[in-house]
Amino acid sequence: MAAAPRAPPRALSAELRKTALGAAALSAPRRGARVRAARPREENFDNHRLLMSSNMNSRSLVCAPCNCAQMALADTIIAYQPDVDKHAGVLAYELVQGNLVQWNSFMDKSIPDPPTAVLLHGILGSRKNWGSFAKRLAQEFPMWQFLLVDLRCHGDSASTKKRGPHTVAATALDVLKLLVQLRLTPRVLVGHSFGGKVALSMVEQAAKPLARPVRVWVLDATPGKVRAGGDGEDHPAELIEFLRRMPTQVSSKQEVVDVLVKEQFSMDVARWVATNLRRSSPLGQQPSSSFSWTFDLNGISEMYKSYEDTNLWRIVENVPRGVHINFLKAERSLHRWALEDLQRIHTAEEFAADEGGGVEMHVLEDAGHWVHADNPDGLFRILSSTFRIETTIRGMQD
């Protein structure tokens, strides 16, 4: 008898509201609802009462002192312009939950959070890069939830002005603060490219809120030197600088693709970059026919420079007890993996095993640098082992 199909995962998104005493919040939406914060913001609710109103399809949070509201509507995006003086930077995020998860960050604090994985995108990406993959994971592992984050200067987080310098370490600290405010203790961190170094930096900066054990996946990135592109291949730094010289608004996505291809960037990269364009929509007006970027290219330029300069070999070669670091190399990687890198990781594997930690190297066949797009099935098979192991460990502990 065939097993009944799994119920699809539900996605819960919210924007973080920080208080001196903790977080206040929306309740979890009805199963199957998809709720997304239009823009991240942060508010101080200290000494103020949180007013809540709702109707059949929505729930609204209103901050009494400034009367700013966030409507949570299924399949609806509510756009608003926060008061810059009252709203400081918070990361935009999306929480994709398996159908067995009955939890949100605003429940009774005595209720433990479910096993959580954090998925981090790379430079010029966004949390949407992980959307389909996260839903697939949630269907296969219905007890898990997956936190997808727009890193600073990217996606919906770009609308909040983060203080510089824009570094790998600062980006990691952003995510750690978000985890604290959401009261989440992740068991798995998955970072692609730049996001891989962010994940390593998170481990370096905090004993908490990271769990022990915690499994880290660094997808197609080394801990140290970035060797991006050979002759005739795409160079991310050059791409970023070229995009900075382009107009802030363009007439179509195809226009951007055509210009980038003309400048000798690959068609795949050109199409991927164009996914970061959205129709311009001035406050209170209908969307226009032009498109604008969803990222802060000046900040991203700083971030990529930090990505090149940041060396995190010390974490890999002295892995904290209970931490397991997995490196995944794409077979057709855009980034050059030197023999030195592979040898140091192999040496770290042996040392970590003796110290109660872990380091492991994997290769994803038939994939270029964009591993979750080039070979999602292969990546799913490799990552699935982590969630099965962690689920088994949690079951033994319970």
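Residues numbered from 1 in each chain as written. Predicted model: local features only at pLDDT ≥ 70, side-chain atom pairs only at ≥ 80, totals over all residues. Heavy atoms only, no water.

Naming follows an unreviewed UniProt entry, where the chain appears as AB hydrolase-1 domain-containing protein of Panicum virgatum.

Draft legend 1. Looking closely at the overall build of the chain. Counting its secondary structure elements, the chain contains 11 helices and 15 strands. Per-residue burial over the chain gives 55% buried out of 398 residues. Partitioning the contacts of the chain with sequence separation of at least 6, the portion at a separation of at least 24 is 77%. (Helix = DSSP H or I, 4+ residues; strand = E, 2+ residues; numbered from the N terminus. Buried < 20%, exposed > 50% of the residue type's maximum accessible area, 1.4 Å probe, protein only. Contact = heavy atoms within 4.5 Å.)

Draft legend 2. Fine view of the pairing of strand β6 (residues 93-97). Where burial is concerned, most of β6 is hidden: five out of the five residues are buried. Here β6 shows two buried faces, one formed by Y93, L95 and Q97 and the other by E94 and V96. Alignment of β6 against strand β8 (residues 145-149), held across five bridges, turns out to be antiparallel. Looking at the pairing, L95 lines up with L147 of β8. (Pairing = 2+ DSSP bridges.)

Draft legend 3. Spotlight on the packing of helix α2 (residues 168-182) against helix α3 (residues 194-205). α3 packs onto α2 with a crossing angle of 65° between their chain directions and a minimal axis gap of 8 Å. The angle between the axes of α2 and α3 places the two elements in the roughly perpendicular class. In this structure, α2 crosses over α3, and the sense of that crossing is right-handed. Each of V168, A169, T171, A172, L173, V175, L176 and L179 in α2 lies in contact with α3, whose residues at this interface are F194, K197, V198, S201, M202 and Q205. Considered class by class, the residues forming the contact of α2 with α3 number 10 nonpolar, three polar and one charged. (Axes fitted to C-alpha atoms, helices over the stretch in contact; angles between N-to-C directions. Parallel < 35°, antiparallel > 145°, perpendicular 65-115°, else oblique. Left-handed = near helix turned anticlockwise from the far one by under 90°. Nonpolar A, V, L, I, M, F, W, Y, C, P; charged D, E, K, R; others polar.)

Draft legend 4. The arrangement of the nonpolar core in detail. The biggest cluster of nonpolar side chains holds 72 residues, and the ones touching the most others in it are L124, L147, M202, L243 and I325. Here this core takes seven residues from α2, the largest share from any one element. Not counting the four nearest positions on each side in its chain, L147 is found in contact with Y93, E94, L95, A117, V118, L119, L178, L179, L182 and L184. Formed by 26 residues, the second largest nonpolar core is a distinct cluster that contains V96, A134, L137 and F380. (Core = buried A, V, L, I, M, F, W, Y, C linked by side-chain atoms within 4.5 Å.)

Draft legend 5. Examining helix α4 (residues 236-245) more closely. Among the residues of α4, those classed as buried are P236, L239, I240, F242 and L243. The arc enclosing the buried residues of α4, seen along the axis, measures out at 165°, which places them on a common side. On its buried face, α4 sits against α5 (253-262), α6 (267-274), β13 (291-293) and α7 (297-309). (Arc of directions from axis to C-beta.)

Draft legend 6. How the structure looks around the side chain of D150. By secondary structure assignment, the location of D150 is in the loop between β8 and α2. The class of D150 is buried, set by a relative accessible area of 2%. Among the polar contacts listed, one links the side chain of D150 to the side chain of R127, at a separation of 2.6 Å. Excluding its chain neighbours within four sequence positions, the residues that come into contact with D150 are L91, A92, H121, S126, R127, G155, D156 and S157. (Polar contact = N/O pair within 3.5 Å; in protein donor to acceptor, adjacent residues only side chain to side chain.)

Draft legend 7. Here's a closer look at the pattern of salt bridges. What the rule picks out here adds up to 16 salt bridges. With its nearest N and O atoms 2.7 Å apart, the salt bridge here joins K305 to D309. Residue K305 and its partner D309 are both found in helix α7; the two are separated by four residues, about one turn of the helix. Among the salt bridges present, the one from R344 reaches E340, with a minimum N-O distance of 3.7 Å. Placement of the pair is R344 and E340 together in helix α9 (residues 339-354), with a separation of four residues, close to one helical turn. Take E340: its relative accessible area is 41%, and that puts it in the partly exposed class. Within this structure, E94, R127, D150, D156 and R278 form a network of salt bridges that share partners. (Salt bridge = Lys/Arg side-chain N within 4 Å of Asp/Glu carboxyl O.)

Draft legend 8. Inspection of the pairing of strand β14 (residues 323-332) at higher detail. For β14, the buried fraction is high: eight of the 10 residues fall into the buried class. By the bridge criterion, eight bridges tie β14 to strand β15 (residues 358-368) in an arrangement that is parallel. Within β15, the residue paired with F327 across the bridge is M361.

Draft legend 9. Geometry of the packing of α5 against α6. The contact between α5 and α6 brings their axes to 9 Å, and the two run at 145°. In the crossing of α5 with α6, the sense of the turn from one axis to the other is right-handed. Of α6, the residues touching α5 (which contributes K253, V257, L260 and V261) are M267, A270, R271, V273 and A274. Partitioning the contact of α5 with α6 into residue classes produces seven nonpolar, no polar and two charged.

Draft legend 10. Fine view of the sheet that holds strand β12 (residues 277-279). Across the sheet, three strands lie side by side as β11-β13-β12; this open sheet has antiparallel pairing. The strands lining the two open edges of the sheet, one partner per strand, are β11 (249-250) and β12. Taken together, the two bridges between β11 and β13 define a ladder with antiparallel strand orientation. Bridge pairing in β13 links Q249 to S292.

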